[in-house]
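# Examination of the molecular architecture
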Amino acid sequence: MIREMYQDDVAAVARLEREIFASPWSLQSFQSAVSSKDNIYYAALEQEQIVGYIGIWLSFDTADLCNLAVAPLYRRRHVAQGLLEQGLAKAREKGAERILLEVRQNNLPAISFYKKNHFTKIGVRKNYYSSPVEDALIMERPI
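Residues numbered from 1 in each chain as written. Predicted model: local features only at pLDDT ≥ 70, side-chain atom pairs only at ≥ 80, totals over all residues. Heavy atoms only, no water.

Attention now goes to the overall build of the protein chain. What the protein chain contains, in helices and strands, is 4 helices and 7 strands. The linear arrangement of helices and strands in the protein chain, starting from the amino end, is β-α-α-β-β-β-α-β-α-β-β. Taking as baseline every contact in the protein chain between residues at least 6 positions apart, the subset at least 24 positions apart corresponds to 56%. A total accessible area of about 8,400 Å² is found for the protein chain, and carbon and sulfur atoms account for 48% of it. (Helix = DSSP H or I, 4+ residues; strand = E, 2+ residues; numbered from the N terminus. Contact = heavy atoms within 4.5 Å. Areas by Shrake-Rupley, 256 points an atom, 1.4 Å probe, with all protein chains shown as cover.)

Turning to its location among the elements, D9 is positioned in the loop between β1 (2-4) and α1 (10-20). The exposure class of D9 is buried, given its relative accessible area of 7%. A distance of 2.7 Å separates polar atoms of two side chains, one belonging to D9 and the other to R3. Within the local environment of D9, its side chain forms a polar contact with the backbone nitrogen of Y6, the two atoms lying 2.8 Å apart. Leaving out residues up to four positions away in the same chain, D9 has contacts with R3, E4 and I50. (Buried < 20%, exposed > 50% of the residue type's maximum accessible area, 1.4 Å probe, protein only. Polar contact = N/O pair within 3.5 Å; in protein donor to acceptor, adjacent residues only side chain to side chain.)

Among the structural elements, E48 can be located in the loop between β2 (39-46) and β3 (49-59). Sequence-wise, E48 and M1 are 47 residues apart; in three dimensions their C-alpha atoms are separated by 9.1 Å.

On to the nonpolar core, then. What tends to happen in soluble globular proteins is that the nonpolar side chains get buried as a cluster. In terms of nonpolar packing, the biggest core is built from 45 residues, with L65 and Y114 touching the most fellow members. The contacts of Y114, once residues within four sequence positions are left out, are L65, L68, L101, V103, F119 and M139. (Core = buried A, V, L, I, M, F, W, Y, C linked by side-chain atoms within 4.5 Å.)

For R141, the location among the structural elements is in strand β7 (residues 134-142). A polar atom in the side chain of R141 sits 3.1 Å from the backbone oxygen of N117. Aside from chain neighbours lying at most four places away, what touches R141 is L88, R98, I99, N117, H118 and F119.

Let us look at unusual backbone geometry. Of note, the bond from S131 into P132 is cis; its omega dihedral lies within 30 degrees of zero at 0°. Topologically, P132 is positioned in the loop between β6 (120-129) and β7. A positive phi is found at Q47, a non-glycine position, where the angle reads about 50°. Tracing the backbone through its elements, the reader meets Q47 in the loop between β2 and β3. Phi is positive for R76, which is not a glycine, with a value near 65°. If you trace the backbone, R76 turns up in the loop between β4 (62-70) and α3 (79-93). With a relative accessible area of 83%, R76 lands in the exposed category.

Have a look at this one:
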């Protein structure tokens, strides 16, 4: 099940973020992001447990995909696909015409997923990530 993310979900999301990412967002960062009316946050649940989430920030006609993560045990079960589709639909409804994202250049599964979803590489951000330091590919697609 995919539904809007609430403040009550943030602690579980922050825990999942710490499990998945080398440089995770803080609890406070998620609390602030979820509380903004200009942002879109959804959670994927399996038996009341959060197993994935997506965060999209809106600015005029552009959306930024800031977070998309799925717990390792729930990958390759279309959870990320469902989250992305729901997030894109809401961004379109709110007037976004395109969406941008950054992804680690060595995260081949994520890059493949984004390419399958019609994102194209438009640039590189040098040394964008830390732990380890790595470039980010900038990708975009129309919504």
